[in-house]
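Survey of secondary and tertiary structure
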Amino acid sequence: MNNNINKDKTVNSDLMDGIRTDIDNLNHEWSYSWPEEIEAANNFNEPHLKWEINKYKHLIFNNCIYHAVYDFKEKIISLKKISNFHINPLYLVPGTENGKRIVELQNENSYQKIISIPAKSLVYLNEFKTYCEPQGNFLFEGNASQYINTKKRIYDNTKNVREIEVLGWQKEGFYAFANGIIKNGIFHPTNEHGLCRDPDKVEETLYLIPALSPMYNNDSSYEVDRTIKYLKHEYITFKEWIIQFYKVFGDNGILSSCFYISCLFRDIIYKELKYFPHLFHFGESGTGKSTICWSIQYMFGERRNPYNLDSGTDVSFHRTFAQFRNGVVWFDEYSNSIDPKRGRGIKGAYDGSNHSKADTSIKDQSNNRTARTPVYSGCNISGQERPTMDIAIFNRCILLTYTKTIYSPEEQFQLSKLQKMEKEGLSHITAHITKYRNKINQEYFLTFESVRKDINGILKDDPHIKSRIINNMVTILTTWKILSKELKWPFDWEKVLSVAAKNVRDQNNFIAKSNETNAFWEEVEYLISENELTEKGDFKIEYHRKLKILENRRSVDKDFGGLKKILFIRLNNAYHKYLEGRRRKGERPGLDKGSLIHYLENTHAYIGQIKSTSFYKDNRRIVTSAFLFDCKILEESGLKLDMKEDYPEENNSTLNNIQSSEKLGSFHED
């Protein structure tokens, strides 16, 4: 029947054969010559096949494409097989550069393969073949014009979807996991292609979550995403989990749980505060710092490995900050000897800034735009050293300290009980908490001020405690306060405040002993002991009740309200010796002079500067400026300033008026 022509079956055709372009204007009756295998088929549906030819100039039969061939003399439409497979379009992810079409290829032997093709690569026939033929027995023998007609069918039957590139909170109002979305407390799973429908949209709105789609099974770039899963074990409630978490981790568990829940609303908090603190877990091996970090990881699904600060790649380091939105990421193995660039990255992440590089998505050679890797999640950081490589990092962390290494059988039992919960799945708790987003959005900033007032009350408005350390703590306590009634906590507000206040005091005290200025004073102390900085020549200690000093470049009379022991130091001399000393000992370079002065001027021990005062070196008097510091405060911080000789004010009245009483023959130093 291959040559059979059905003269009685005609169509008023406006068809095009893919070669001639004037057929659209013809008004002739055409007859169809059906290939034998098509006409003999049990499912032969002539009206539908004519409709296919009329619309697409080809039809699909037995998973093959048959293209129309027009005999203009005889007015006959016959069919030619141009492929041994057909293309079933699944969906399109729109985009100029990153757009892609997901299609299913199925050949005449029923072999199927789902592939992702860059949308722009479907434009041209040769590129299309390049993607199809390596997938198996998929051979397209048609010409370019016939391929255009094939594309028309593909384009007409493709649904647009939005690809969720970053899991976690989405602007459409839901939290995305690798296996579905949670919206209004209801979980909507993905289908076999990784597609999920938005239940609240009148028009069908589809989202693509690639991580668990079979098409991406061998794509290692989704390795992390696959662990962020909704695990529905709702018989474990928030109350049961937090009680067990607190039993295992105690006071550190209080602050860690506040941090975890705050991270679920990080975008709201950051939008107004323009910062979000890190949680730093410090302790020796075996003290539990990694255990608590693992526990927080399980709140988002399955086991997810941390980024190793000591050995991970730079690209992975920067991408970790953007793994998912409103979650918690973990940087492990912190030490003060890590690459300084990673230290700067951690510091910048607090303020929401991360790695910048040239924007290569724009092909224009004159383009000078940069692309920045975003920061989407809160950061857990753990290590056996406190973050003293840069005091600015320390100031941007809430420090939790772990010291215990020996655990009783009961403590080990409680830990195993918690870990059993974690392996069964706790991400439904995370999903549940996200439903309070509107409440956090409405109440956070008013509550923030009241919480800050509460903690300052416990700290007695101590002016020596850095406001940044307090604000970091207030950031995570505010979330607890707002959700104190919605979530069933095993500890009350007084307990939370007490733990937080102690933590703030301890961290502030340690920072005071370990910051850059302390490193400077420790070096000064060493240089004095080695006689490289000499008493009377480079520094001196005097007692004064009042002095004329420089404050903000203005001369003012400073009354100390009593006799004060004051260190006068020639900062220029001390600074150069400080740099030399650090180099000799193989320590990292010290601060530049401007930064050091800035830090010194903002310490509690700083008094001011004096325009001119006398020092003695090599049997000559040198009149120069000096920086003044409160000896009592320096000594309380651990600096030893007990010199051989002090100069009581009563025996050294000249010093109070030195600015106007210098004698001829003095050596003046600028």
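Source: prediction; values computed, not measured.

**What to know about the overall build of the protein**
Along the protein, the regular secondary structure elements total 19 helices and 29 strands. Considering the protein as a whole, with its 670 residues, one finds that 50% of them fall into the buried category. Sequence separation of 24 or more characterises 67% of the internal contacts of the protein that already satisfy a separation of 6 or more. On the protein, roughly 33200 Å² of surface is accessible, and the fraction owed to carbon and sulfur atoms is 46%.

**A word on the sheet that holds strand E9 (residues 159-160)**
Pairing is mixed in the open sheet, where four strands are placed in the order E8-E7-E6-E9. Because the sheet does not close on itself, it has two edges, and the strands there are strand E8 (112-118) and E9. Both strand E7 (residues 100-107) and E8 contribute to a ladder of seven bridges, which runs antiparallel. The residue of E8 that forms the bridge with Ile 102 is Ser 116. On top of the sheet, helix H3 (residues 125-132) reaches strand E6 (85-93), E7 and E8; it is set at about 135° to E8, its chief contact.

**Looking at the nonpolar core**
Counting residues in hydrophobic clusters, the biggest one holds 116 residues, and the most contacted among them are Trp 241, Tyr 260, Ile 433, Ile 455 and Leu 477. It is helix H5 (residues 238-263) that provides the largest number of residues to this core, a total of 12 residues. In this structure, Trp 521, Leu 533, Leu 600 and Phe 627 belong to the second largest nonpolar core, which totals 26 residues.

**Concerning the side chain of Glu 422**
Topologically, Glu 422 is positioned in helix H11 (residues 409-424). Within the structure, the side chain of Glu 422 is placed 2.5 Å from the side chain of Ser 295, a separation counted as a polar contact. The contacts of Glu 422, once residues within four sequence positions are left out, are Ser 295 and Tyr 298.

**Some words on the sheet that holds strand E17 (residues 278-283)**
The strand order E18-E20-E23-E17-E24 describes an open sheet built from five strands, whose pairing is parallel. A single partner strand is all that each edge strand has here, and the edge strands are strand E18 (307-308) and strand E24 (397-402). Along the sheet, helix H7 (residues 289-297) makes contact with E17, strand E20 (328-334), strand E23 (378-383) and E24, crossing E20 at roughly 160°. Contacts between helix H9 (residues 340-350) and the sheet are confined to E17, E18, E20 and E23, with E17 contributing the most and set at about 135° to the helix.

**A word on the packing of helix H6 (residues 266-273) against helix H13 (residues 437-458)**
Two numbers describe how H6 lies on H13: the axes approach to 10 Å, and their chain directions differ by 35°. Helix-helix and strand crossings are classified by hand; for H6 and H13 the assignment is right-handed. Residue-level contacts link Asp 267, Ile 268, Ile 269, Glu 272 and Leu 273 of H6 to Arg 437, Ile 440, Asn 441, Tyr 444, Phe 445 and Phe 448 of H13.

**Overview of helix H4 (residues 144-156)**
Taking 1.5 Å of rise per residue, 13 residues should cover 18 Å, and H4 covers 19 Å from first to last C-alpha, within 8% of that figure. Those residues of H4 that fall on the buried side of the exposure criterion are Gln 146, Tyr 147, Asn 149, Thr 150, Lys 151, Arg 153 and Ile 154. Those residues of H4 that are buried are in contact with helix H2 (46-56), strand E3 (58-61), strand E4 (64-71), strand E5 (76-83), E6 and H3. Where H4 begins, one side-chain oxygen reaches toward the backbone nitrogen of Ser 145, 3.1 Å away; that side chain belongs to Asn 143.

**Looking at the confidence of the model for the protein**
Low-pLDDT portions of the prediction should not be read for the details of their coordinates. Chain-level statistics for the protein give a pLDDT mean of 87 and a share of 88% at 70 or above. Per-element confidence in the protein ranges from a low mean pLDDT of 37 for strand E1 (residues 6-12) to a high of 98 for H5. Within the model, the stretch residues 358-362 combines pLDDT values under 50 with 10 contacts to residues more than four positions away or in other chains. This stretch, residues 644-670, has a pLDDT under 50; its non-local contacts, to residues over four places away or in other chains, come to 49 contacts.

**What about the environment of Leu 92?**
Position of Leu 92 among the secondary structure elements: in strand E6. Expressed as a C-alpha distance, the spacing of Leu 92 and Ile 102, which sit 10 residues apart in the sequence, is 6.3 Å. Apart from the residues within four sequence positions on either side, Leu 92 is in contact with Lys 100, Arg 101, Ala 119, Thr 158, Lys 159, Asn 160 and Val 161.

**Observations concerning the packing of helix H16 (residues 516-529) against helix H17 (residues 571-584)**
Where H16 meets H17, the axes come as close as 9 Å, and the angle between the chain directions of the two elements is 90°. Relative to H17, the element H16 is oriented roughly perpendicular. Across the interface between the two elements, Ala 519, Phe 520, Glu 523 and Leu 527 of H16 pack against Leu 571, Ala 574, Lys 577, Tyr 578, Gly 581, Arg 582 and Arg 584 of H17. For the contact of H16 with H17, a count of residues per class yields six nonpolar, one polar and four charged.

**Focus: a nonpolar patch on the surface**
On the surface, Val 123, Tyr 124 and Tyr 155 cluster together into a nonpolar patch covering about 290 Å² of accessible area. Relative to the helices and strands, Tyr 124 resides in the loop between E8 and H3. What makes Tyr 124 exposed here is its relative accessible area of 53%.

**Quick word on the side chain of Asn 471**
Relative to the elements of secondary structure, Asn 471 occurs in helix H14 (residues 467-482). You can call Asn 471 buried: its relative accessible area is 16%. In this view, Asn 471 contacts Tyr 275, Phe 448 and Arg 452; residues no more than four positions away in its chain are not counted.

**Comments concerning the pairing of E20**
Most of E20 sits out of view: six of its seven residues are buried. In this sheet, E20 lies alongside E18 in parallel orientation, the contact comprising two bridges. The residue bridging Asn 308 from the neighbouring strand is Asp 332, located in E20. With five bridges connecting them, E20 and E23 associate as parallel partners. Looking at the pairing, Phe 331 lines up with Ile 381 of E23.

Thresholds applied
Residues numbered from 1 in each chain as written. Predicted model: local features only at pLDDT ≥ 70, side-chain atom pairs only at ≥ 80, totals over all residues. Heavy atoms only, no water. Helix = DSSP H or I, 4+ residues; strand = E, 2+ residues; numbered from the N terminus. Buried < 20%, exposed > 50% of the residue type's maximum accessible area, 1.4 Å probe, protein only. Contact = heavy atoms within 4.5 Å. Areas by Shrake-Rupley, 256 points an atom, 1.4 Å probe, with all protein chains shown as cover. Pairing = 2+ DSSP bridges. Axes fitted to C-alpha atoms, helices over the stretch in contact; angles between N-to-C directions. Core = buried A, V, L, I, M, F, W, Y, C linked by side-chain atoms within 4.5 Å. Polar contact = N/O pair within 3.5 Å; in protein donor to acceptor, adjacent residues only side chain to side chain. Left-handed = near helix turned anticlockwise from the far one by under 90°. Expected span 1.5 Å × (residues − 1). pLDDT = per-residue confidence, 0-100. Parallel < 35°, antiparallel > 145°, perpendicular 65-115°, else oblique. Nonpolar A, V, L, I, M, F, W, Y, C, P; charged D, E, K, R; others polar. Patch = residues over 30% accessible without salt bridge, like charges linked within 9 Å, V, L, I, M, F, W, Y side chains within 5 Å. Salt bridge = Lys/Arg side-chain N within 4 Å of Asp/Glu carboxyl O.

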